[in-house]
Every structure is written in C-alpha cells, then in structure tokens.
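An overview of the molecular structure
In case you want the letters, here they are:
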There are 2 protein chains.
Amino acid sequence: MGPVTEQQTQSRTPLTDLSPEALADFAREQRAAYDELVAKGLKLDLTRGKPASNQLDLSNGLLALPDGVTDASGTDTRNYGGLQGIAELREMFAELLWVEPEQVIAGGNSSLTMMKDTLVDLWIWGGVDSPRPWSQEESVKFICPVPGYDRHFTLLAAFGIEMVTVPMNDDGPDAAAVARLVADDPSIKGMWVVPTYANPSGAIASHEVSAALASMPTAAPDFKIFWDNAYAFHHLTEDEAKSADILTLASAAGHPHRPFIFASTSKITFAGAGVGFLAASTENVKWWLGHLGKGSIGPDKVNQLRHAQFFKTAQGVRDHMTGHRDIIAPKFAEVQRVLRERLGGLGVATWTDPTGGYFVSLDVLDGTAARVVELAKAAGVALTPAGSSFPHCDDPDDRNIRLAPTFPPLDQVTEAMEAVATCVLVAAAEKLGASA
Amino acid sequence: MGPVTEQQTQSRTPLTDLSPEALADFAREQRAAYDELVAKGLKLDLTRGKPASNQLDLSNGLLALPDGVTDASGTDTRNYGGLQGIAELREMFAELLWVEPEQVIAGGNSSLTMMKDTLVDLWIWGGVDSPRPWSQEESVKFICPVPGYDRHFTLLAAFGIEMVTVPMNDDGPDAAAVARLVADDPSIKGMWVVPTYANPSGAIASHEVSAALASMPTAAPDFKIFWDNAYAFHHLTEDEAKSADILTLASAAGHPHRPFIFASTSKITFAGAGVGFLAASTENVKWWLGHLGKGSIGPDKVNQLRHAQFFKTAQGVRDHMTGHRDIIAPKFAEVQRVLRERLGGLGVATWTDPTGGYFVSLDVLDGTAARVVELAKAAGVALTPAGSSFPHCDDPDDRNIRLAPTFPPLDQVTEAMEAVATCVLVAAAEKLGASA
C-alpha cells in the first residue's frame, strides 16, 4: 500500500543530474523508441476500471439462477414490493459491512445511482438533520480528497456544488485539513471518502483518520460523509484491508446520521447487472426509503435472490473474491514491474503499489501529465484524460495519471505499460529541456 | 369500454323510489347479509393492481435466460456501459410503441422511477425548452385527470406541485377543459395521461383527444405530457385498443418535446424484475441520458438481453399478452357479473367495464365511498382507500372506489365482490335514511 517512490532495481542517474549531452542522448533514444511504438499501430486501452471478461465468467453461475422464485420470507420475488430489498441479501452484506441488516438497503444495479439519489433527496428535500433543503442554501460545498474518483466530481458539478480539495494521503483523506475546513464553514455539507483501496491511489483510510472524520465538529448540522466503499472486498494480496466501521464511529461520536455507506457487487459479480447497497442510520434508511418510495415499488428482487443463492453466505462473497485476485493481481504486478524497470531511479515519476482495488496512480513530472496522455494516444494507447482524478478535470500540477490494468489481457497490459513508460520519458526529457 | 350505467339484468325498482317501509326492509335484509359476512371472518384483498402468481408463471422462461451473454452488437451485457439500453430490446419496443429505436431508452425495472427521474431533472435542471429549472418557478402546477393513478399524485405532491383536476372521460382527459387551463397559466407545466386502459376507469384516449392535447397552445413554453402507457398491450378482449401516436402528433403540431412516453414490462413479464422504457424526441432522449449518465454507468443489460431473447420479436410480446388475457379476463367478467346482478337497476352505483388494463372504477352514491370501504374492511375485505384515485386522496364527492381483481384467485374475486356489493347496498340504504 501507499506510494512507491522510484523503487529502484538498479542504480541509475536521475535525469536531472544528466549533462545536457547525456540528456539529449537519452531523449533521442526515447524518441526513437516512441517512433517505433507509433509505427506499430497499437490499439490498447488502460482507461477502463472494469472487470475483464474472465472475471465476469467467475459469476456465470448467476445466469442459471434463481432456483425457485421465493425468498427466505416466502415472498414471490417476481412481483412488486419489498422496497428495502430481500432480507437474506441484506443480512449477507450487513455482515460484510459490519452493520445491522435493518441499516442496509439492497437496491438496483448501481451504487452510483444510490449516491445520486441521496444527493437529489438532500438537494430537493433536505436530510433528517437539515435546517432546509440544500437547494435553498446560499451555497453548498463538498470536500473532495484528491486524487479521487472522476464520477464523484462530475456528480457534484451537475448540482453546482463547489468542490474543495484536500490531499488524499496514504492513510486516507488529510483529516486535519478536513477538520479545519468544516469547523467554520457551514456551507461545507459533505465529503467523499473511498475508504478502501481508493480510486486511484489505493490508499486505505486508517481507523484513526476514519474516527477523526466521524467525530470532528462541523459548522453544518447536516454534514454528510459519502463513504463509497466500492472496493471493500477487492484485495490484491493476502494482507486484506479492513474498512473502518464508520457507522459505529459516527454514532459513538454523536453523529449517527453523518455517514452514508455505499457498496455494490458491480466488481464482484457482473459490473452492469449486480446489486447496489446503501447502509446508514435507521433514521437515514427510513428517510431514504421514504423518498425512494415516491418513484419505486421495489428493486429487482429476482436479481437479488439470484445473488443470495449464488453466494450463499457472506463467506461465499469473500471466497469469490479470491478468484478475482488470481486474475488481476498478475496485471497489477506487471504494471509495477514495468514502471520499476523503466522509470525507477530516473527521478521522473512516482506511483502507488496498491494492495487492492482497480487502479494505480502515477505521478509524472509536474506539467507533463497531459503531454504523456497525448503522446500515448498518438501511439494508440488510450489513457484516462489527464486531470480526471481532480474536480473539473483540473490537476493543478498536471502530474497525475490514472492507470486501470484490469480489463486488458495480461500481454496487453505489458505492451501498454511499456508504451506509457516511453511516453513518460519522452515528456520528461522534453520538460527538462533536452535538445532534439 | 366506458362506464356502464346500471346494466340491468332484471327490472328493479331504484332504492330512491322505494317507500320508507320497503327501504327499511331492504336495509334490514342487506344488514343481515352484512352481519353474515362479518361472521365469516373473510380475508380478501382487492387493493393490489398486481399480477397473479400464474400470470408471473407465464414468464418463467426468463429464469433460464439469457442464453449467452452478448447482445446483437456483440457487447458483453455483463459489463458496464450502454446507457440507453441494448439495441434489440429498444427496437422491439420502438415497434410496439410506434416510435424510432433512437427515441427509446430501455432502463431498469421501473417506469415509475423513470417518471420520477424526469421530474427530478425538470425540477433541478429544467427541460430542453425550459426558461429555467422548475424549482425556480414561483409555482408549478400539473393537470391531473381524475379519477387517476394514486402514485402519479403522490409523486407530484412530493415536489409540492399543485394538482389541477379535470374529468377523465370515456375518450380520455377532457381536452377542452385542459386547453382552457393551459392557454393562460404559464405555471401549468404538465399533465398526466394514461392513454390506454386508464387507471382506474379503463378509458382509452381517442385519437382526437390525443391530437388536441398534442397541439393545444400552452402558456408554458416547456409544457410536458407524461404519457404513461402502462397498459398499452394489456387487452381484455379481442377489440384491442391502439394507443394514439403521441410523439408524431406532437411533432406534427410543432411541439416535439412535449410528450414523454413511459411503458414497461412490469405487467407483461415480472412486476418487480421487468424493464422500463421511456420514449421521446431525440433531443429529449439526449437530455435525459445526459442527466442519467451523472448517476449511472448503464442499466441491467443482462435482464434486457433476457427479455429480448424471451420475446424474440414485437409480435412475441403481443402473443404473450394473450396468456395474461386468458387468466384475468374471467376475473373482470366476474366483477361485472356480480355488480350487475347485485347492484344493477337499483340506482346506487355505476361502474366501468374496461376492455383492458388492471382496474374497474366503481362510483357509489355520493358520500358513501369511504363508508363502503370501512364496511368492507370490517368484513375482512381490503379495498383501496376511498379517494385514492384523486390528488391528496380527496374525492370531492366521496363516491369513487378502485377495484383491482387481478391478484386474487377467481373464487376470491367472486367472494370479495359479493361482499363489496353488500357493503355498497348497506351504505346506500344508510345514506337514503333507511331506519334501522
């Protein structure tokens, strides 16, 4: 876990220490390698944080389920009703998320939709502890740890919510910075946290950081933590991170309605046909279902039953995840190998070595991230647009690149990463003023 | 189709024409029958507009589908993406709804959710032709034909949208009344229409009424028709209603962005695990997907593929509906028989004889609907609360009762309807002042 600063496999001279001549030689060498890349006409893609086809195959058992149509309570899952989701699946994920079943809502195929719905409800109607709907506030701000998840930022931007960034450290959001911001400004209404194997850095919010966020005084009486635990069970090693129990921490600190936990099976079973979950205080759950019920007569309970039968138990979910690990851990290892062998010791990049999740966060020389992405594109390697991990796509240092190695086959990961490394070096040499 | 005024099977004297003594005799007789009912300890339910278990069985083929996981375009339906829904299912329902495939969005398991999402989008962001978001208008009103669908009204009430009622006639909403209202009041932003086999009357909006609604001048530049075609294919007879082509009518009249069509397979396949659809102008579709995309990476395409494979063609959907008709038409016939035999000619009730849909609308003597529901409840027969088909549950005449005969088995429909008839007669006798 945590950023790796230039893990060196051999002793190398940082580019900044090279003589102008040596730097020019280096630049020519890399440019030649780049020209060869372009000539190859590659068509590779490291943009997509989505499961590979053989990961999806692990869940093909779902396609022949459910066996029978009634849930454990005897309810016919094919018919209307059951707004909160079927009990056995809520119980299973309550155990996995360390909450009570009555604190869990099992929804449709997307936790992102549940996040949007939560924002819509806060916006139009206000939360259980809101003095007024958020739309009636003069301004609404959210704290966004960066680098972070682009869709979180896009969602806030749609509401015109101002995004205030804080650093995402190795142990989670910079809690001291957050505490200072929220203490005095009542317009700061919430924050994003991806607690486990964060997108894109892989950082894990520590118990201490989580406790600080749960307990800090906030000027807004209805401050919310959107705790997006998308990768809670998505371990890449046997050193499995345990997410902090944010509901208990917040409740113990006297802020039971502060956290909304989101999770899903999108990267456990089928990315497009899984089940999303929300967990919160029972008052928040009641509030949420009240608004949900205006536009729903219940979720797809057949798909929920399908999932409950497929996993059987919470342990079934954990066991299932080792299959994913076996498929994607080699891809992550390959990303590390290429970065280390090609960039290590040259002083032009740092990157994270996550123990879970879906991404590697690569920091290149300041002011070169956009150029790297541009070079890669011209060489047929699609990278996530530079700045994507920042609000409004604006990376103030133009240095962060998100790498997503899960979807391509392993040989393509290798090829794409070799290309990325070359692009990083070409851009770095340009930046350092190498003559052509 | 249309209201049946006291279809008489035999010549009877209306209660109002009875002498006080004869009325008292009648009241005693009905009261005795009612007491017998209560003694039976019935437990029957006519509230639920949901399919019976054997209707759901018609679609059990879905449980073993999909066969393969790629759609016609070769996309892996298990993974993320495809915001608008898979092409083959959109094509199928485009044909059924007489629109173009690019005008159709295939969504999740609920068209009601798509209605709410549309309102949310109009409310927070405004439509393609809105001068400003609806939430920024001084007031927003909707026209609600009554009797109508309770969930439509509940949804509007959640937004604080004022509901202006117009009569729901046999040929659809009272178009002249609607035209008068919308011509001068720019705060009237939209209306509900259930064009085919309306809930609860079974009325079918005629081509003429539909054309009038599509073309009428409106003071609001962004007036919307929420065209909830929930029962488009839900025929009870071979005289199959054809819904008006509202998109073409509106487009031809210069108001292409006025209608949003909603439909779903909720009462075709599985009520809780079907597919919802929205159809609108291509600009509206683009607008809708733009907002959807903030909180979704695509619908459950596996379930969409399941449906596409199950139906195979648009004709497959039509053919499938005859199975439903075979199951529920006898229940509707039984409702008619009991009402006719028990209430016909007595001048205490009128009711509709729908040729499709899920409901029968029963009008009892003014001021007695709540009493009928109360009497029925005490006798163990659950009826939808009186007034449910009106905004804020307020039936100004206290006369309308919605009957939903699809869910209970046929023998229970008979038993429940006999009880309802007795309650109607007891309440009528009370109302007419029969001495006990």
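Residues numbered from 1 in each chain as written. Chains lettered and ligands numbered in written order. Predicted model: local features only at pLDDT ≥ 70, side-chain atom pairs only at ≥ 80, totals over all residues. Heavy atoms only, no water.

1. So, the overall build of chain A
The condition that has to hold: Elements are defined by DSSP. Helices are runs of H or I of four residues or more, strands are runs of E of two residues or more, and each kind is numbered from the N terminus. Just to be clear, the radius of gyration here is over C-alpha atoms, and the globule rule we use is 2.2 Å times residues to the power 0.38. Using a 1.4 Å probe on the protein chains alone, a residue whose accessible area is under 20% of its type maximum counts as buried, one over 50% counts as exposed, and one in between counts as partly exposed. We call two residues contacting when some pair of their heavy atoms lies within 4.5 Å. Residues scored as positive are Lys and Arg, those scored as negative are Asp and Glu, and His as well as the terminal groups of each chain are ignored. To locate a charge, take NZ of a lysine, CZ of an arginine, CG of an aspartate or CD of a glutamate.
When helices and strands are counted, chain A shows 13 helices and 14 strands. Against the compact-globule benchmark of 22 Å for 436 residues, chain A has a radius of gyration of 23 Å, which places it among compact chains. Residue burial in chain A is summarised as follows: out of 436 residues, 62% are buried. Sequence-distant contacts, at least 24 apart, represent 78% of the contacts inside chain A between residues at least 6 apart. Averaging the positions of the 35 positive and the 54 negative side-chain charges in chain A gives two centres separated by 5 Å.

2. Things to note about helix α7 (residues 207-215) of chain B
Residues and elements named next belong to chain B. Rules: Directions are taken from the helix axis to each C-beta atom, and the arc is the one they span.
Val-209, Ser-210, Leu-213 and Ala-214 are the residues of α7 that are buried. All buried residues of α7 lie within an arc of 135 degrees about the axis, which places them on one face of the element. Where α7 is buried, its residues contact β6 (172-173), α6 (175-184), β7 (188-193), β8 (224-228) and α8 (246-252).

3. Considerations on the side chain of Thr-196 of chain B
All names here are of chain B. Cut-off, in case you're wondering: Pairs of N or O atoms within 3.5 Å make up the polar contacts considered here, provided that, within protein, one atom can donate a hydrogen while the other can accept it, and that residues adjacent in sequence are counted only when both atoms are side-chain atoms.
Summarising the element assignment, Thr-196 is placed in the loop between β7 and α7. The class for Thr-196 is buried, based on a relative accessible area of 0%. A distance of 2.6 Å separates a polar atom in the side chain of Thr-196 from a polar atom in the side chain of Ser-243.

4. Overview of the packing of helix α4 (residues 111-124) of chain A against helix α5 (residues 150-158) of chain A
Helix packing for two helices is described by the angle between their axes and how far apart those axes are. All names here are of chain A. Our working rule: To obtain each axis, a line is fitted to C-alpha atoms, and for helices this fit is confined to the stretch in contact; angles are then taken between N-to-C directions over 0 to 180 degrees. Our angle categories are set so that under 35 degrees counts as roughly parallel, over 145 as roughly antiparallel, 65 to 115 as roughly perpendicular, and the remainder as oblique. The crossing is said to be left-handed when, going from far helix to near helix, the turn is anticlockwise and less than a right angle, and right-handed when the turn is clockwise. Asp, Glu, Lys and Arg are counted as charged, while Ala, Val, Leu, Ile, Met, Phe, Trp, Tyr, Cys and Pro are counted as nonpolar; the rest, among them Gly, fall into the polar class.
Orientation of α4 relative to α5, taken along the N-to-C sense of each, is 30 degrees, at an axis distance of 11 Å. Between α4 and α5, the interaxial angle falls into the category roughly parallel. For the element pair α4 and α5, the recorded crossing hand is right-handed. In contact with Leu-112, Met-115, Lys-116 and Leu-119 of α4, α5 contributes Arg-151, His-152, Leu-155 and Leu-156. Split by residue class, the contact of α4 with α5 holds 5 nonpolar, 1 polar and 2 charged.

5. Examining the sheet that holds strand β10 (residues 276-279) of chain B
Residue and element names in this part refer to chain B. Rule in force here: Any two strands between which DSSP finds at least two bridges are classified as paired.
Taken in spatial order, the 8 strands of this open sheet run β3-β10-β9-β8-β7-β4-β5-β6, and their pairing is mixed. Each edge of the open sheet carries a strand with a single partner, namely β3 (104-106) and β6. Relative to strand β9 (residues 259-264), β8 runs parallel, the two sharing 4 bridges. Paired with Trp-227 across the bridge in β9 is Ile-261. Against the sheet, helix α4 (residues 111-124) contacts β3, β4 (141-146), β7, β8, β9 and β10, and its axis sits at roughly 155 degrees relative to β9.

6. As for the sheet that holds strand β8 (residues 224-228) of chain A
Residues and elements named next belong to chain A. As summarised here, the arrangement of the 8 strands in space is β3-β10-β9-β8-β7-β4-β5-β6, forming an open sheet in which the pairing is mixed. Strands at the two margins of the open sheet, each flanked by one partner only, are β3 (104-106) and β6 (172-173). Both strand β4 (residues 141-146) and strand β5 (residues 162-169) contribute to a ladder of 6 bridges, which runs parallel. Looking at the pairing, Ile-143 lines up with Val-164 of β5. Contacts from α4 reach β3, β4, β7 (188-193), β8, β9 (259-264) and β10 (276-279), with the element oriented near 155 degrees to β9. Against the sheet, helix α9 (residues 282-292) touches β3, β9 and β10, its axis set at about 65 degrees to β9.

7. Some thoughts on the domain arrangement of chain A
All names here are of chain A. We count it as follows: The domain boundaries here were taken from an automatic or database domain assignment. Throughout, buried area stands for the accessible area (probe radius 1.4 Å) lost by two parts on being put together, summed over both. Salt bridges are defined by distance alone: a side-chain nitrogen of Lys or Arg within 4 Å of a carboxyl oxygen of Asp or Glu.
We note that the domain assignment places domain 1 (6-55 + 319-435) and domain 2 (71-312) within chain A. Computed from C-alpha atoms alone, the centre-to-centre distance between domain 1 and domain 2 is 31 Å. Taken together, the 25 residues of domain 1 in the interface contact 30 residues of domain 2. Between domain 1 and domain 2, the buried area comes to about 2300 Å², and carbon and sulfur atoms account for 65% of it. Of all residues in domain 1, the largest losses of buried area upon contact with domain 2 belong to Met-321, Arg-325 and Thr-355, amounting jointly to 26% of the total for that side. In this structure, Asp-150 engages Arg-402 in a salt bridge whose closest nitrogen and oxygen atoms are separated by 3.7 Å. Taken together, the links from domain 1 to domain 2 amount to 7 residue pairs in polar contact (both at pLDDT 80 or more). Among the secondary structure elements, those contributing two or more residues to the side of domain 1 that touches domain 2 are α11 (314-343), β12 (360-364) and β14 (400-403). Among the elements that make up the side of domain 1 that touches domain 2, the one with the highest residue count is α11 (7 residues). The residue inventory of the side of domain 1 that touches domain 2, partitioned by class, reads 11 nonpolar, 12 polar and 2 charged.

8. Re the interface of chain B and chain A
With 53 residues of chain B in contact, the opposing surface of chain A contributes 53 residues. Taken together, the two surfaces of chain B and chain A that pack against each other cover about 4100 Å², and 54% of this comes from carbon and sulfur. It is Arg-78, Tyr-80 and Lys-294 of chain B in chain B that bury the most area against chain A; as a group they hold 20% of the surface buried on that side. On inspection of chain B and its partner chain A, the count reaches 2 salt bridges. Connecting chain B to chain A are 23 residue pairs in polar contact (both at pLDDT 80 or more).

9. Concerning the pattern of salt bridges
What the rule picks out here adds up to 44 salt bridges over all chains. The closest approach of N and O atoms between Arg-399 of chain A and Asp-366 of chain A, which form a salt bridge, is 3.1 Å. You can see Arg-399 of chain A sitting in the loop between β13 (381-382) and β14 and its partner Asp-366 of chain A sitting in the loop between β12 and α12 (369-378), a full 33 residues away along the chain. Its salt-bridge partner being Glu-341 of chain B, residue Arg-337 of chain B comes within 2.9 Å of it at the nearest N-O pair. A residue pair is termed a helical-turn pair when its members lie 3 or 4 positions apart in one helix, as Arg-337 of chain B and Glu-341 of chain B do in helix α11 (residues 314-343) at 4 residues. Exposure remark for Arg-337 of chain B: the relative accessible area of 24% places this residue in the partly exposed category. Residue Glu-341 of chain B is classed as partly exposed on the basis of its relative accessible area of 34%. One salt-bridge network, in which partners are shared between bridges, spans Arg-31, Asp-35, Arg-371, Glu-374 and Glu-430 of chain A.

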